[in-house]
2 protein chains.
Amino acid sequence: MGSYKGVYDREILSKIATNDGHGENLEYFDGWKAYDRDPYHSTKNSNGVIQMGLAENQLCFDLVTEWLLKNPQASICTNEGVNKFMDIAIFQDYHGLPEFRSAVAKFMGKARDEKVIFNPDRIVMSGGATGASETLLFCLANPGDAFLIPSPYYPAFNRDLRWRTGVNLIPFTCSSSNNFKITKEALQSAYEDALKKNIKVKGIIVTNPSNPLGTVLDKDTLKMLLTFVNVKNIHLVCDEIYATTVFNSPRFISVAEVIKDMPHVNQDLVHILYSLSKDMGMPGFRVGIIYSYNDRVVSTARRMSSFGLVSSQTQFMIAALLSDDDFVRRFLVESRDRLFRRHQHFTSELAKIGIGCLQGNAALFVWMDLRHLLDEATVEGELKLWRVIINEVKINVSPGSSFLCSEPGWFRVCFANMDNATLDVALNRIRSFVTRGRVDNSTMTTTAATTTTTTTTIKKKRGQMELRLSFNNRRFEDGLISPHSSLLSPHSPMPQSPLVKART
Amino acid sequence: MGSYKGVYDREILSKIATNDGHGENLEYFDGWKAYDRDPYHSTKNSNGVIQMGLAENQLCFDLVTEWLLKNPQASICTNEGVNKFMDIAIFQDYHGLPEFRSAVAKFMGKARDEKVIFNPDRIVMSGGATGASETLLFCLANPGDAFLIPSPYYPAFNRDLRWRTGVNLIPFTCSSSNNFKITKEALQSAYEDALKKNIKVKGIIVTNPSNPLGTVLDKDTLKMLLTFVNVKNIHLVCDEIYATTVFNSPRFISVAEVIKDMPHVNQDLVHILYSLSKDMGMPGFRVGIIYSYNDRVVSTARRMSSFGLVSSQTQFMIAALLSDDDFVRRFLVESRDRLFRRHQHFTSELAKIGIGCLQGNAALFVWMDLRHLLDEATVEGELKLWRVIINEVKINVSPGSSFLCSEPGWFRVCFANMDNATLDVALNRIRSFVTRGRVDNSTMTTTAATTTTTTTTIKKKRGQMELRLSFNNRRFEDGLISPHSSLLSPHSPMPQSPLVKART
């Protein structure tokens, strides 16, 4: 075994290998470590930590497995498909199987309510959205160049977009005062600040639907962004990996839809990231997609995709699955409905105990407002509360500061990576914590609604505070899925973290 | 569609996107284009170009498919395995499935005749050997640093190792005078030249078995390399992706075996690249492996593997396949035997018509000596002959100059990516070409043998020349496989090239 001495490492290894650009050592990963040390299981470890830090979509696997059993020819490992085994096993063309690209392009259109037609020849595959986003940055920017990004934002972008490319990310602040909307003023200001510092801004990257907000961009914002990049001659990268998770109005509007109405905008500047990890719930299959309107980016990214091609076994199966129009139609309807019901159940139960969330309509998480539970409105105050949630409530959620949120007290809480029973255990724990520890339940009353949230005044032991809650009708969802198999969890000597996962 | 104007591209895109570092535009790819335009098919296009530029291993798929049908639980898409579908589809931990790493480690040991035990915790997965080699370079060297590499060498290293990392490759020459062996003198001289130019040399990379030579490194050479890197405190990267293709003596010796006997060598400097693309013939599945003795490299490369994880569907299947000791034993024996027979048939038929090859004992190709057919012993002469081979003989082979071979007239010819019938068509074409066009067959006689080759003197229309031939007993192999399905070839508007494939 080698020495770990830093000086020695720096001498023989690369700067990338010896800096902390990966970010795995941040304290934010303590919650994951707590979960890894003591994972909840309904019978084997009912007092363990419940994982609500992982944006997995487990709600519709019954539809997929039912389809697979009816379509054994979709696998090269069945009697019906094995005659294709060799042709698929040797297929490593970086264009991908034509039927795979066609099926993905069609699915991307359906995921956007068929408002847009995607061209299969612009589909570039990559190793998950992680690989896709890095590849795109390698094409668009040189080391030292920067991309602007609205905060709060998906923290692993710091790894995906910066680590090996040498590109910088410059966050610009969105705040709760306007429901975290992107404003032209904040964007312009960040752009000008960068120029003053002699940083070359090469583009803007947004997630739509937003991670961590669970909201969608409206058409005006998308138009503003397109106009902005067009004027500045920089890129707009739209990460749309949660496209089909939009379960409530307003509907999802893709940049692909908006750009159709803006013929004066230079399409060479517009790029979409996509994957099947969230929309289909299959992060393990590493289906990442770059869809670019720029021919040179398509050809260069495709060449780079050799570093992370999708397994041809998986391409073949996905091609068959997504080519089945009936399946896709049913899946999209059912997936949205189940997410809607899950979200409603979760947020309305939280509302009952005085916990509000930003009004969201998409993704696999809520942006939970615990500002009223902070001892002090600082990052330290947020992290203090967070440690209580991890260690006493025994739920792993993600603190807003890990997403570079400018306002302490927000938490991202995932709700689609478990079964109903586990969700209810989590809700019971939160209820018990808030009731016992922090809130005089008898005085809790609902009062007025704002545009996007409903306001409740609660009397807390530590003082009065206004809470913004989302109240909605709630329906109960039938149990459809089983929890993670503990048999499959890795037993590695390496410490675990959210970045162990390609996308959290 | 965007403008292709270079100036415009350079303004908005990255240097990587606008330079030619990928190498796809080299003239060497004309042979591939010729094949893509006019691919041979036994019945549909019997005058088409035969692909002998692609190092695929198609000889043992019957064993794999037979196993799959007997083991339906190895697939998550069968009745027997579908209950695991969700757990596998959501699995994206960068450590990989524990059973996958164990099975691969065990297979790597068996592929080296169980002379070495590989530790599953040192197995890092990556998107094929392409992704693995880039990832390793990202860990070991900074932009501007260099690796020494013996030439001739696998040309796509220029893409894999240099393109996005910014690392340089410095070739040092091996020549036919000693059967292209690596000498300490050449290595030392290249190292010193680099120092004089103020280039920081961070390591040496070798392929063992060699691509394109089809030979293995002997123990003394490996010891010399290990001593050299240890003294200089630089890295030794051994690409062993052809480990199980060694079909004849001398047996394969892995660096892992040699290092056991050299306790004074700093193991932190030693790294192995592996994959299942050649040994198992499954490049489409993108199973690339980094095995490093350096803990820091293991942890950093593992973090980087998020950019190119192996599909969990494929991990699951491979884990089951390679965990079956009986299958692996039978596969290894049978694969070597079939490669042996194929190689013997091909080289002995070539020998009959006066064409020699470097005496090889491994890999999926021969290093064919056509120096006697050159009009002039220059790269231009080699490429002139090569174009005749492509356009008249209608075989795509790879000219030595594309591997940076210092001596014109050598060609890499792949023999395991087709069925017996196609190989015989190729042999007939070569025979006919040599007989009609270049060689007075009646005067061809076999004369003396050297240590590694057999020498024949033939009378050519264009002059006399000595030929080095490998003569061997030959056995005929039963037809076991079918040719590529033309249905699966991609129909993309982008031009094709060998770099379309991740590994050629």
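Residues numbered from 1 in each chain as written. Chains lettered and ligands numbered in written order. Predicted model: local features only at pLDDT ≥ 70, side-chain atom pairs only at ≥ 80, totals over all residues. Heavy atoms only, no water.

When helices and strands are tallied, chain A shows 16 helices and 16 strands. For chain A, with 504 residues in total, the buried portion stands at 67%. Excluding contacts between residues fewer than 6 apart, the proportion of contacts in chain A whose partners are at least 24 apart in sequence is 74%. Summed over its atoms, the accessible surface of chain A is roughly 16800 Å², and 51% of this surface lies on carbon and sulfur atoms. (Helix = DSSP H or I, 4+ residues; strand = E, 2+ residues; numbered from the N terminus. Buried < 20%, exposed > 50% of the residue type's maximum accessible area, 1.4 Å probe, protein only. Contact = heavy atoms within 4.5 Å. Areas by Shrake-Rupley, 256 points an atom, 1.4 Å probe, with all protein chains shown as cover.)

Residue and element names in this part refer to chain A. The sheet built from four strands is open, its strands ordered β9-β10-β13-β12 with antiparallel pairing. Edge positions in the sheet fall to β9 (356-357) and β12 (398-399), since each of these pairs with one other strand and no more. For β12 and strand β13 (residues 410-414), the ladder comprises two bridges, and the chain directions are antiparallel. Looking at β13, one finds that Ser398 is bridged to Arg412. Sheet strands in contact with helix α14 (residues 325-352) are β9, β10 (365-369) and β13, and its direction is about 10° off that of β10. (Pairing = 2+ DSSP bridges. Axes fitted to C-alpha atoms, helices over the stretch in contact; angles between N-to-C directions.)

All names here are of chain A. Entries for chain A in the domain assignment read domain 1 (21-60 + 329-432) and domain 2 (72-325). Taking the mean C-alpha position of each, domain 1 and domain 2 sit 25 Å from one another. The contact between domain 1 and domain 2 buries some 3100 Å² in all, and 60% of this surface belongs to carbon and sulfur atoms. Its salt-bridge partner being Arg336, residue Asp113 comes within 3.5 Å of it at the nearest N-O pair. Inspection of the region where domain 1 meets domain 2 yields 17 residue pairs in polar contact (both at pLDDT 80 or more). At the level of elements, α14, β10 and β13 are the ones that each hand at least two residues to the side of domain 1 that touches domain 2. With seven residues, the top contributor of residues to the side of domain 1 that touches domain 2 is α14. Looking at the side of domain 1 that touches domain 2 residue by residue, the classes come out as 16 nonpolar, nine polar and five charged. (Domains from an automatic or database assignment. Buried area = accessible area lost by both parts, 1.4 Å probe. Salt bridge = Lys/Arg side-chain N within 4 Å of Asp/Glu carboxyl O. Polar contact = N/O pair within 3.5 Å; in protein donor to acceptor, adjacent residues only side chain to side chain. Nonpolar A, V, L, I, M, F, W, Y, C, P; charged D, E, K, R; others polar.)

Residues and elements named next belong to chain B. In a regular helix each residue adds 1.5 Å, so 28 residues correspond to 40 Å; helix α14 (residues 325-352) covers 41 Å between its end C-alpha atoms and thus fits that length. Extensive coverage of α14 is indicated by the burial of 20 of its 28 residues. Capping of α14 at its N-terminal end is provided by Asp324; its side-chain oxygen lies 3.0 Å from the backbone amide nitrogen of Asp326. Taken from the residues just after α14, Gly354 is the one with a positive phi, measuring 80°. (Expected span 1.5 Å × (residues − 1).)

The operation relating the two chain copies consists of a rotation about an axis and a shift along that axis. Between chain B and chain A, the superposition needs a rotation of 180° and an axial shift of 0.0 Å, giving an RMSD of 0.0 Å. One copy is carried onto the other by what is essentially a two-fold rotation axis. Relative to the rotation axis, the C-alpha of Gly308 of chain B is the closest in chain B, positioned 2.2 Å from it. Here 100% of the contact residues of chain B are again contact residues in chain A; the copies associate through an equivalent surface. (Least-squares fit on C-alpha atoms with pLDDT ≥ 70 in both.)

Judged by nonpolar contacts, the single largest core of 190 residues is most densely connected at Phe85 of chain A together with Phe85 of chain B. Setting aside residues up to four positions removed in sequence, Phe85 of chain A forms contacts with Ile76 of chain A together with Phe61, Val64, Thr65, Leu68, Met282, Phe285 and Met317 of chain B. Core analysis: the second largest hydrophobic core is formed by 66 residues, Ala301 of chain A together with Tyr8, Ala141 and Val167 of chain B among them. (Core = buried A, V, L, I, M, F, W, Y, C linked by side-chain atoms within 4.5 Å.)

Here we take up the packing of helix α4 (residues 61-70) of chain B against α14 of chain B. All names here are of chain B. As a packed pair, α4 and α14 sit with axes 10 Å apart at the nearest point and diverge in direction by 160°. By the angle between their axes, α4 is roughly antiparallel relative to α14. Relative to α14, the crossing made by α4 is right-handed. Side by side, α4 and α14 meet where Asp62, Leu63, Val64, Glu66 and Trp67 of the first sit next to Phe327, Arg330, Phe331, Glu334 and Arg338 of the second. Classifying every residue of the contact of α4 with α14 gives five nonpolar, no polar and five charged. (Parallel < 35°, antiparallel > 145°, perpendicular 65-115°, else oblique. Left-handed = near helix turned anticlockwise from the far one by under 90°.)

Quick look at the sheet that holds strand β10 (residues 365-369) of chain B now. Residues and elements named next belong to chain B. Within the open sheet, the four strands sit side by side as β9-β10-β13-β12. Their pairing is antiparallel. A single partner strand is all that each edge strand has here, and the edge strands are β9 (356-357) and β12 (398-399). Looking at chain direction, β9 and β10 are connected through two bridges and run antiparallel. Note on β10: the bridge partner recorded for Cys357 is Met368. α14 contacts β9, β10 and β13 (410-414) of the sheet and is inclined by roughly 10° relative to β10.

Next up on the list: the environment of Val82 of chain B. Considering the arrangement of structural elements, one finds Val82 of chain B in the loop between α4 and α5 (85-89). Overall, the relative accessible area of 12% leaves Val82 of chain B in the buried class. If sequence neighbours within four positions are ignored, Val82 of chain B has contacts with Thr65, Leu68 and Leu69 of chain A together with Ser75 and Ile76 of chain B.

Note: most residues except glycine have negative phi, and most peptide bonds are trans. Here the bond from Asn208 of chain A into Pro209 of chain A is cis, since omega is -5°, no more than 30 degrees from zero. Along the chain, Pro209 of chain A falls in the loop between β5 (201-207) and α10 (219-232). Following Ser151 of chain B, the chain continues into Pro152 of chain B via a peptide bond in cis, with omega recorded as 5°. Here Pro152 of chain B shows up in the loop between β3 (146-151) and α8 (157-162).

What follows covers the interface of chain B and chain A. Taken residue by residue, the interface counts 115 residues in chain B and 115 residues in chain A. Summed over both partners, the interface of chain B with chain A comes to about 9800 Å²; 59% of that surface belongs to carbon and sulfur atoms. At the junction of chain B with chain A, the criterion picks out four salt bridges. One salt bridge connects Glu134 of chain B with Arg164 of chain A, and the closest N-O pair in it is separated by 3.8 Å. The interface formed by chain B and chain A includes 27 residue pairs in polar contact (both at pLDDT 80 or more). No other element matches helix α12 (residues 295-304) of chain B, which puts eight residues into the side of chain B that touches chain A. By residue class, the composition of the side of chain B that touches chain A is 50 nonpolar, 40 polar and 25 charged.

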